[in-house]
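So you can see what is in the structure, the chains are spelled out below.
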Amino acid sequence: MLRQFGALPTESRVRAMKGRDYLWCLVNGILDREEALERLCPTCRTRALEERCSACGRPAGDWEESTANAAFDLSRFEQLKGGTRS
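What counts as what
Residues numbered from 1 in each chain as written. Predicted model: local features only at pLDDT ≥ 70, side-chain atom pairs only at ≥ 80, totals over all residues. Heavy atoms only, no water. Axes fitted to C-alpha atoms, helices over the stretch in contact; angles between N-to-C directions. Helix = DSSP H or I, 4+ residues; strand = E, 2+ residues; numbered from the N terminus. Parallel < 35°, antiparallel > 145°, perpendicular 65-115°, else oblique. Contact = heavy atoms within 4.5 Å. Nonpolar A, V, L, I, M, F, W, Y, C, P; charged D, E, K, R; others polar. Disulfide = S-S within 2.5 Å. Phe/Tyr/Trp six-rings, centres within 6.5 Å; stacked < 30°, edge-to-face > 60°. Buried < 20%, exposed > 50% of the residue type's maximum accessible area, 1.4 Å probe, protein only. Salt bridge = Lys/Arg side-chain N within 4 Å of Asp/Glu carboxyl O.

(A) Quick look at the packing of helix 3 (residues 19–38) against helix 4 (residues 42–49). Direction vectors running N to C along helix 3 and helix 4 enclose 140°, while the axes themselves pass 9 Å from each other. Looking at the two axes, helix 3 sits oblique to helix 4. On helix 4, the residues that touch Arg 33, Leu 37 and Glu 38 of helix 3 are Arg 45, Ala 48 and Leu 49. The residue inventory of the contact of helix 3 with helix 4, partitioned by class, reads 3 nonpolar, no polar and 3 charged.

What follows is the structure, given as structure tokens:
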């Protein structure tokens, strides 16, 4: 949030902020984002809410990566979990 205002944590104006000030800024930032989304057509709103790569903008669904670890050996895991070694 301080990046949004161009402020460093060591500045006196930042050190003078209280928890309620941070909360106020956060809530207003969320409301601003919601207002910006409401101005979009349904198609663009859906696209804006998709998880995307922050560098190239490619949708997360197009990534070749998966949540499965190809190097994981389930049978070896079960052996070690049971206390046996091969």
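Text resumes after the structure shown.
(B) Examining the state of the cysteines more closely. All told, the structure shown has 0 disulfides when counted by the stated rule. No disulfide involves Cys 41; its nearest neighbouring cysteine sulfur is the one of Cys 44, lying 3.5 Å away.

(C) Representation of the packing of aromatic side chains within the structure. Inspection of the entire model under this criterion finds 1 aromatic pair. Each ring, one from Phe 72 and one from Phe 77, has its centre 5.6 Å from the other, and the planes form 50°; the classification is tilted. Accessibility expressed as a relative area gives 47% for Phe 72, which makes it partly exposed.

(D) Examining the pattern of salt bridges more closely. For the structure on display, the rule yields 3 salt bridges. A salt bridge links Arg 13 to Glu 11, with the shortest nitrogen-to-oxygen separation between them at 2.8 Å. Accessibility expressed as a relative area gives 47% for Arg 13, which makes it partly exposed. In this structure, Arg 52 engages Glu 50 in a salt bridge whose closest nitrogen and oxygen atoms are separated by 2.7 Å. The exposure class of Arg 52 is partly exposed, given its relative accessible area of 25%. Residue class for Glu 50 comes out partly exposed when judged on its relative accessible area of 37%.

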